[in-house]
Amino acid sequence: MSRLRVAIQKSGRLSEKSLDVLKRCGLSFARSKDKLFWYGRDFPVDVLLVRDDDIPRMLLDGVCELGIVGENIAREVMLERESESQLNCLRKLGFGHCRLSIAVPENRDIAGIEALEGTRIATSYPALTRNLMMQQGISTSIVELSGSVEIAPGLGTADAISDLVSTGTTLRANHLRELDVLFESQAALYGRVNDISDEKKVLLDRLLARLEGVMQAAESKYVMLHAPREALEKITELLPGVEHPSVMPLEGSDRIAIHAVCGEAVFWEHLEALKAAGASAILVLPVEKMLA
Ligand code: ATP
Ligand code: ZN
């Protein structure tokens, strides 16, 4: 019987959440001793644990059909290999958020990235940086470094850097200032889906349907409340991402119970607005699974 292989990061920022999302799709694994290959028990999907940088190449080389990796790395490899069409982004996963930013020494008076024309930029993402700068009509010379990019300006080997940022702490610690964002990234499920067998395609579609349910459930909340009958329309408007709530009469009362799955985040502000519209006994519950 056909099986699919999905590559995830062995240890790093994406590892735990990558595994978690697979588990929430109902997958479980027999872990091998060397811990590099996990056999899928309940669903024919096996996991390969590798360095994140290797994932796009493994997909392109046919070692696996699926991989979870940052868009930053996938885009870099696609540009490098000019093979955009072979790697498909199947689903963004909502974690591993970061941005590829241009940063310059704090003490340099640089107004915008246009001023970087003809300068040297240190980065671990040469193809992506060159491409995105070119799109803005700026040509630079790229100094490719595999790590510790942030120390390059201090060492005098580059005038600016293009590096991944999430909080900006590393930049500040190195006296760098974020000048502009080139690319926003998050983790995504990538696949080589054009040349796989029909059997694998069926498996892939089942997995993707589950993943869609998992992602939707993670974003959804089940809201229950009581409200005056005449407030139904107003309350429905106030429930984020809801069009048709379930409405039930309450015995011996002129109030009704309203239940709804909110497709968007529910904040305290929403609850306060509901209360002001006459709602009481408001409960917000997490949604575990969803299948449309
Ligand atoms: P590996 O050993 O697998 O090569 P790594 O050191 O390259 O690990 P991590 O630092 O774990 O990788 O980052 C993995 C991914 O996490 C990045 O490619 C990026 O998509 C994402 N990420 C999120 N926030 C950040 C951040 N602040 N800095 C770097 N990467 C981040
Ligand atoms: Zn890496």
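In this text the structure is predicted, and so the values were computed from the model without any measurement.

(A) Up close: the pattern of salt bridges. Summed over all chains, the structure comprises 13 salt bridges. Among the salt bridges present, the one from E65 reaches K200, with a minimum N-O distance of 2.7 Å. Here K200 lies in helix α7 (residues 198-219) and E65 lies in the loop between α2 (55-60) and β5 (66-70), a separation of 135 residues in the sequence. On the basis of relative accessibility, which here comes to 7%, the residue E65 falls in the buried class. Taking relative accessible area as the criterion, K200 reaches 22% and is therefore assigned partly exposed.

(B) Here's a closer look at the coordination of the zinc ion (ligand 2). Distances from the zinc ion (ligand 2) to its protein donors, namely D52 (OD) and D53 (OD), fall within the range 1.9 to 2.1 Å. The class of D52 is buried, set by a relative accessible area of 16%. The exposure class of D53 is partly exposed, given its relative accessible area of 30%.

(C) Quick look at the site of ligand 1. Around ligand 1 there are 15 residues in total, and R13, R51, D53, N72 and S166 lie nearest to it. In this structure, an oxygen atom belonging to ligand 1 sits 2.8 Å away from a side-chain N or O atom of Q9. Interatomic distance of 2.6 Å between a side-chain N/O atom of S166 and a nitrogen atom of ligand 1. Relative to its unbound accessible area of 640 Å², ligand 1 is 77% covered by the protein chains. Looking at the shell around ligand 1 residue by residue, the class counts come to four nonpolar, seven polar and four charged.

(D) Structural view of the domain arrangement of the chain. Here the chain is described as being made up of domain 1 (4-94 + 187-217), domain 2 (98-185) and domain 3 (221-286). Taken together, the contact pairs eight residues of domain 1 with nine residues of domain 2. Buried area between domain 1 and domain 2, both sides added, is near 770 Å², and the carbon and sulfur share of it is 60%. A per-residue breakdown of the area domain 1 buries against domain 2 is headed by N72, E76 and L79, which together make up 67% of the total. At the boundary of domain 1 with domain 2, the tally comes to zero salt bridges. Between the two partners, domain 1 and domain 2, sit five residue pairs in polar contact (both at pLDDT 80 or more). It is helix α3 (residues 71-81) that provides the largest number of residues to the side of domain 1 that touches domain 2, a total of seven residues.

(E) Molecular detail of the sheet that holds strand β4 (residues 45-50). Overall, mixed pairing links the seven strands, which are arranged β2-β3-β4-β1-β5-β12-β6 in an open sheet. Since the sheet does not close on itself, it has two edges, and those belong to β2 (29-31) and β6 (88-92), each with one partner. Mean inter-strand twist for the sheet, computed between neighbouring axes without regard to direction, equals 25°. Examined bridge by bridge, strand β1 (residues 4-9) and β5 share two bridges and lie parallel to one another. Residue V6 lies in a different strand from β5, and its bridge partner there is L66. The sheet contacts of helix α1 (residues 15-24) involve β1, β2, β3 (37-40), β4 and β5, and relative to β1 the element is tilted by about 150°. Seen against the sheet, α3 touches β5, β6 and β12 (187-191) and runs at an angle of roughly 105° to β5.

(F) Fine view of the environment of A111. If you trace the backbone, A111 turns up in the loop between β7 (98-105) and β8 (120-123). Looking at A111, the relative accessible area reads 83%, which means it is exposed. Sequence spacing of A111 and L179 is 68 residues, and the spatial spacing of their C-alpha atoms is 8.0 Å.

(G) Spotlight on the environment of L116. You can see L116 is positioned in the loop between β7 and β8. Along the sequence, L116 and T140 sit 24 residues apart, while their C-alpha atoms lie 7.1 Å from each other. Discounting chain neighbours no more than four positions away, the residues touching L116 are I102, V104, I110, I121, M133, I138, S139, T140, A160 and L179.

Conventions and cut-offs
Residues numbered from 1 in each chain as written. Chains lettered and ligands numbered in written order. Predicted model: local features only at pLDDT ≥ 70, side-chain atom pairs only at ≥ 80, totals over all residues. Heavy atoms only, no water. Salt bridge = Lys/Arg side-chain N within 4 Å of Asp/Glu carboxyl O. Helix = DSSP H or I, 4+ residues; strand = E, 2+ residues; numbered from the N terminus. Buried < 20%, exposed > 50% of the residue type's maximum accessible area, 1.4 Å probe, protein only. Donors = N, O, S within 2.8 Å, 3.2 Å for Na, K, Ca; no water. Near = heavy atom within 4 Å. Polar contact = N/O pair within 3.5 Å; in protein donor to acceptor, adjacent residues only side chain to side chain. Areas by Shrake-Rupley, 256 points an atom, 1.4 Å probe, with all protein chains shown as cover. Nonpolar A, V, L, I, M, F, W, Y, C, P; charged D, E, K, R; others polar. Domains from an automatic or database assignment. Contact = heavy atoms within 4.5 Å. Buried area = accessible area lost by both parts, 1.4 Å probe. Pairing = 2+ DSSP bridges. Axes fitted to C-alpha atoms, helices over the stretch in contact; angles between N-to-C directions.

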